[in-house]
Amino acid sequence: MPLRPDAAWQVAEHLTAAAPGHPWEGVRFSATWGSRDVLDAVLVRPEVVVEISADRAVDRGGVFRHPLRFKRLRLDVTLEDVPRFGGGTAAAAG
């Protein structure tokens, strides 16, 4: 997820580069919705929790129409506190 320059410094010091074999290794991400430009992504180890804003709007091709937006770094929350995708029954509170 691209970060605003003022938010990038908050997160960068808490990230560690992913080791070979990351599940998204080799995956290409588009830079914007409907774009053929490829986003230059750096994969990291999933060790940090951040709060995001997300819209569930999906187009007819099954592509999410709006990007995720970074809200804040959550150093008060551990990975164990967050249910895995599809692992919880309740919708996320906002």
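This structure is a prediction, so every number in the text was calculated from the model and none was measured.

Conventions and cut-offs
- Residues numbered from 1 in each chain as written.
- Predicted model: local features only at pLDDT ≥ 70, side-chain atom pairs only at ≥ 80, totals over all residues.
- Heavy atoms only, no water.
- Helix = DSSP H or I, 4+ residues; strand = E, 2+ residues; numbered from the N terminus.
- Areas by Shrake-Rupley, 256 points an atom, 1.4 Å probe, with all protein chains shown as cover.
- Salt bridge = Lys/Arg side-chain N within 4 Å of Asp/Glu carboxyl O.
- Buried < 20%, exposed > 50% of the residue type's maximum accessible area, 1.4 Å probe, protein only.
- Polar contact = N/O pair within 3.5 Å; in protein donor to acceptor, adjacent residues only side chain to side chain.
- Contact = heavy atoms within 4.5 Å.

With that settled, the discussion passes to the overall build of the protein chain. Within the protein chain, the secondary structure is distributed over one helix and four strands. In the protein chain, the succession of α and β elements from N to C terminus is α-β-β-β-β. Carbon and sulfur atoms make up 55% of the accessible area of the protein chain, which totals about 8,300 Å².

A few words now on the pattern of salt bridges. Following the criterion strictly, the structure yields four salt bridges and no others. A salt bridge links E51 to R74; the nearest nitrogen and oxygen atoms lie 3.4 Å apart. In this pair, E51 is assigned in strand β3 (residues 50-53) and R74 in the segment after β4 (69-73), connecting sequence segments 23 residues apart. Overall, E51 belongs to the partly exposed group, its relative accessible area being 29%. A salt bridge links R74 to D76; the nearest nitrogen and oxygen atoms lie 2.9 Å apart. The exposure class assigned to D76 is exposed, which follows from its relative accessible area of 58%. Put simply, E51, R72, R74 and D76 are held in one network by salt bridges that share partners.

Take the environment of V42 next. Within the secondary structure, V42 is located in the loop between β2 (38-39) and β3. Residue V42 is classed as exposed on the basis of its relative accessible area of 68%.

With that settled, the discussion passes to the side chain of R74. Only 3.4 Å separates the side chain of R74 from the side chain of E51, close enough to count as a polar contact. Non-local contacts of R74, meaning those with residues more than four positions away in its chain, are made with V49, V50 and E51.

Structurally, H22 is set in the loop between α1 (5-12) and β1 (29-30). Look at H22 and you get buried, because its relative accessible area is 16%. In this structure the side chain of H22 is engaged in a polar contact, spanning 3.0 Å, whose partner is the backbone nitrogen of W24. If we ignore the near neighbours within four places in the chain, the residues touching H22 are L43 and V44.

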